[in-house]
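Below are the chains, spelled out letter by letter.
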Amino acid sequence: GGIITQTPKFLIGQEGQKLTLKCQQNFNHDTMYWYRQDSGKGLRLIYYSITENDLQKGDLSEGYDASREKKSSFSLTVTSAQKNEMAVFLCASSSGTGQDTQYFGPGTRLLVL
Amino acid sequence: GQQVQQSPTSLVLQEGENAELQCNFSTSLNSMQWFYQRPGGSLISVFYNPSGTKQSGRLTSTTVIKERRSSLHISSSQITDSGTYLCAGKGSNYNVLYFGSGTKLTVEP
């Protein structure tokens, strides 16, 4: 088995601030993902990465940057936090084959004042 | 486009009742999956069910590709079944999952 760790668990920011979220996995998975989940809505893909130093944009990439520094870690940066923004950011990983599922971290809860 | 529609949006049951959750997906999607999310918790894969019927304990998933639908049946619901159930499918890019908005299930004593 393995585990996905996300830091921080809670993040309170100010409008306009650049905020960075971190994700670590020890599954030795090739592919990692960042999703955003708003209350009452499903998950929307922000960025994913199929290997170290690779980045692929999802449907919600505008306003975000990402970095895959090494196979086990994937970071997400909110480039300019929006006032009153409130969402949960979920990191996931998968082996990258066609029939695998994704494994999720516990999430980072963001609140922008 | 890639669309996943789930129904109902929310469902309240008495303990012991059965639940039927529905997912309809667009023609561009396949490899349907079901996830469970406890309030404040992360997602856990419940079923990977591209076609046919799969059962695990009190949970049964049925996917009928021709009809573009997948369902999740929970029999004899328990309070611990409460949470949000999300359906998701893959498009031509097998790395990417498209999620529905989820069904929030509340099981009361």
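All values reported here derive from a predicted model rather than from experimental measurement.

Engineer: Any chance you could break down the overall build of chain A for me, citing the residues and the numbers?
Structural biologist: Counting secondary structure elements, chain A contains 0 helices and 11 strands. Here chain A has a C-alpha radius of gyration of 13 Å; the compact-globule value for 113 residues is 13 Å, and the two agree. Principal axes of the C-alpha set define a box for chain A whose edges measure 40 × 25 × 25 Å. Counting only residues that meet the buried cut, chain A has 50% of its 113 residues in that class.

Engineer: Quick rundown of the sheet that holds strand β1 (residues 4-7) of chain A? Include the residues and the values.
Structural biologist: Residues and elements named next belong to chain A. Across the sheet, 4 strands lie side by side as β1-β3-β8-β7; this open sheet has antiparallel pairing. Single-partner strands in this sheet number two, and they are β1 and β7 (64-70). Sheet twist, expressed as the average angle between the axes of neighbouring strands with direction ignored, equals 15°. Sheet topology note: the strand β3 (residues 19-25)/strand β8 (residues 73-78) ladder contains 6 bridges and is antiparallel. Directly across from Thr 20, in β8, lies its bridge partner Thr 77.

Engineer: Describe in detail the interface of chain B and chain A, supporting the description with residues and values.
Structural biologist: Contact residues are listed per partner, giving 20 residues for chain B and 24 residues for chain A. Scanning the region where chain B abuts chain A turns up 0 salt bridges. The interface formed by chain B and chain A includes 4 residue pairs in polar contact (both at pLDDT 80 or more). Residue composition of the side of chain B that touches chain A, grouped by class: 9 nonpolar, 10 polar and 1 charged.

What counts, and at which threshold
- Residues numbered from 1 in each chain as written.
- Chains lettered and ligands numbered in written order.
- Predicted model: local features only at pLDDT ≥ 70, side-chain atom pairs only at ≥ 80, totals over all residues.
- Heavy atoms only, no water.
- Helix = DSSP H or I, 4+ residues; strand = E, 2+ residues; numbered from the N terminus.
- Rg over C-alpha atoms; globule rule 2.2 N^0.38 Å.
- Buried < 20%, exposed > 50% of the residue type's maximum accessible area, 1.4 Å probe, protein only.
- Pairing = 2+ DSSP bridges.
- Axes fitted to C-alpha atoms, helices over the stretch in contact; angles between N-to-C directions.
- Contact = heavy atoms within 4.5 Å.
- Salt bridge = Lys/Arg side-chain N within 4 Å of Asp/Glu carboxyl O.
- Polar contact = N/O pair within 3.5 Å; in protein donor to acceptor, adjacent residues only side chain to side chain.
- Nonpolar A, V, L, I, M, F, W, Y, C, P; charged D, E, K, R; others polar.

Honestly, it's all geometry; don't read function into it.
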